Amino acid sequence: MAGVANLLRAGMSVLTRSQKAGNSPLHLQIEPSTFCNLKCGFCVREKNVFTPKHMPFERFKEVFDQAKPMRVTFAGDGEPTLCPDLFRMIRYASDQGAKTIVTSNGTRGVDLVDEILDSGLSALRISIDAATAQTYIAMRLADFHDGIIEGIRKLQEAKKARGLAHPDVGFEYVLGRDNFHEIQDVVTLAADLGLCRVNFRPLNLVGIEEREDELVGGITRDQYREALEATERHAKGLGMATNLEEILGLLPFYEARYGEDFNPEQKSPDCIYPWVQIYVAIDGKVTPCCALQMDEKVDFGNIFRDGFDQVWNGERYRKLRQQMKAHSAPYKSCITCEGRSLGKVTDLAFRTPGFLKKAR
């Protein structure tokens, strides 16, 4: 009943767009590790992480017990599965009734099948960014593609053998120049593997603007839209869920975000994250989402130093809520925010968005 009551309070906070949230966050994003076994050319980690570390279970428990979320996503500047306490964290959150999601590069999947299934994980997002090994190497500068696919097949087979429905497994696919030609192929691959969804992400250039030509150069706006529309039709034909409809609707905002004439006063989409979500970095720094912390270095306080209540309804959160109400968020990342509707509140609470729902 406590969770339902908090959900109702969250709905009221979103409807009224109050500066002070009367609810605790429905969704906790937390960074379990800043170690990574890859050095991808499109990643800002090299600019963010100088002394990598893992979050111990006790720190995670401290955050979880204060926030009491209905959903936890483990992701950040590092690879979550490198954290020694990750699966203990997942089990603890699952035992408290929270849905749990891990965004992973999938490179350790073959060795982690039993730990994944024993932990009670709700959903696993594999950031693959390529349908073939050749393109994977171009994107990630390492040769793990075949091993990732093997790990997914092994996980799917083990789920079936145990009679388990979860974790739902899906792909994350960052759209860049070197992998744009394979977007239909990765949908086909996902269907062959029995995955539930492919989430596409236009490459985030915040923090690596100087590499724009290298990473996304040579693709015109018309080519971009036409390829996305063709892939959306292909996915629907296979019954594979994607977020392409949403991305197509946001294309004008992406153009504004990446343009040289970006205006901080530009009207931003209707985002609900400041009322329903909190992101906690490895050192306790807080923002409403990972993009503001990793890409734009925004600091809303430190949950380990200041405590949850002082951060969640602190001056910076209240100010951003006021700005969001006026559609005038001052950050580039907010221009293409995907947390844009009241309906997302129930998604955040009762489903794993994009993974626990069927393709339309």
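Residues numbered from 1 in each chain as written. Predicted model: local features only at pLDDT ≥ 70, side-chain atom pairs only at ≥ 80, totals over all residues. Heavy atoms only, no water.

## Thoughts on the sheet that holds strand β3 (residues 99-104)
Sheets are built from strands paired through backbone hydrogen bonds, the pairs being either parallel or antiparallel.
Alright, step 1. Read across the open sheet, the 9 strands follow the order β7-β6-β5-β4-β3-β2-β1-β8-β9; overall the sheet is mixed. Only two strands of the sheet have a single neighbouring strand rather than two, namely β7 (241-242) and β9 (286-287).
Alright, step 2. Where strand β1 (residues 27-30) meets strand β2 (residues 71-74), 4 bridges bridge the pair, whose relative direction is parallel. Within β2, the residue paired with His27 across the bridge is Arg71.
Alright, step 3. Helix-sheet contacts for helix α3 (residues 57-67) involve β1, β2 and β8 (277-280), and the interaxial angle to β1 is about 160°. (Pairing = 2+ DSSP bridges. Helix = DSSP H or I, 4+ residues; strand = E, 2+ residues; numbered from the N terminus. Contact = heavy atoms within 4.5 Å. Axes fitted to C-alpha atoms, helices over the stretch in contact; angles between N-to-C directions.)

## Notes on the packing of helix α8 (residues 183-192) against helix α10 (residues 221-238)
Alright, step 1. Where α8 meets α10, the axes come as close as 9 Å, and the angle between the chain directions of the two elements is 15°. Taken together, the axes of α8 and α10 are roughly parallel relative to one another. Where α8 crosses over α10, the two elements pack in a sense that is right-handed. Here Ile183, Gln184, Val187, Thr188 and Ala191 of α8 come into contact with α10, specifically with Ala227, Leu228, Ala230, Thr231, His234, Ala235 and Leu238. (Parallel < 35°, antiparallel > 145°, perpendicular 65-115°, else oblique. Left-handed = near helix turned anticlockwise from the far one by under 90°.)

## As for the confidence of the model for the protein chain
Alright, step 1. Mean pLDDT for the protein chain: 85, with 82% of residues reaching 70 or above.
Alright, step 2. Taken together, the stretch residues 205-217 has pLDDT below 50 and engages in 32 contacts with residues farther than four places along the chain or on a different chain. (pLDDT = per-residue confidence, 0-100.)

## As for the side chain of Asp129
Alright, step 1. Relative to the assigned elements, Asp129 resides in the loop between β4 (123-127) and α6 (133-140).
Alright, step 2. When its relative accessible area of 1% is taken as the criterion, Asp129 is described as buried.
Alright, step 3. Within the local environment of Asp129, its side chain forms a polar contact with the backbone nitrogen of Val174, the two atoms lying 2.7 Å apart. (Buried < 20%, exposed > 50% of the residue type's maximum accessible area, 1.4 Å probe, protein only. Polar contact = N/O pair within 3.5 Å; in protein donor to acceptor, adjacent residues only side chain to side chain.)

## Side note on the pattern of salt bridges
Alright, step 1. Summed over the entire model, instances satisfying the criterion amount to 13 salt bridges.
Alright, step 2. With its nearest N and O atoms 3.8 Å apart, the salt bridge here joins Arg225 to Glu229. Of this pair, Arg225 and Glu229 both sit in helix α10, 4 residues apart, roughly one helical turn.
Alright, step 3. Among the residues examined, Arg225 registers a relative accessible area of 32% and is labelled partly exposed.
Alright, step 4. A relative accessible area of 28% means that Glu229 is categorised as partly exposed.
Alright, step 5. For Lys236, the salt bridge identified is with Glu232, shortest N-O distance 3.8 Å. Of the two residues, Lys236 and Glu232 are both situated in helix α10; the distance of 4 residues between them amounts to about one turn of the helix.
Alright, step 6. Look at Glu232 and you get buried, because its relative accessible area is 14%.
Alright, step 7. Three or more residues joined by partner-sharing salt bridges are found here, namely Asp114, Asp118 and Arg162. (Salt bridge = Lys/Arg side-chain N within 4 Å of Asp/Glu carboxyl O.)

## Section: α3
Alright, step 1. Of the positions making up α3, those classed as buried are Phe57, Phe60, Val63, Phe64 and Ala67. Along the long axis of α3, the arc covered by the buried residues comes to 130°, so they all point the same way.
Alright, step 2. Structurally, α3 contributes buried residues whose contacts are with β1, β2, α4 (86-95), β8, α14 (303-306) and α15 (308-312).
Alright, step 3. Once α3 finishes, Lys68 follows within two positions and takes phi at roughly 50°, a positive value. (Arc of directions from axis to C-beta.)

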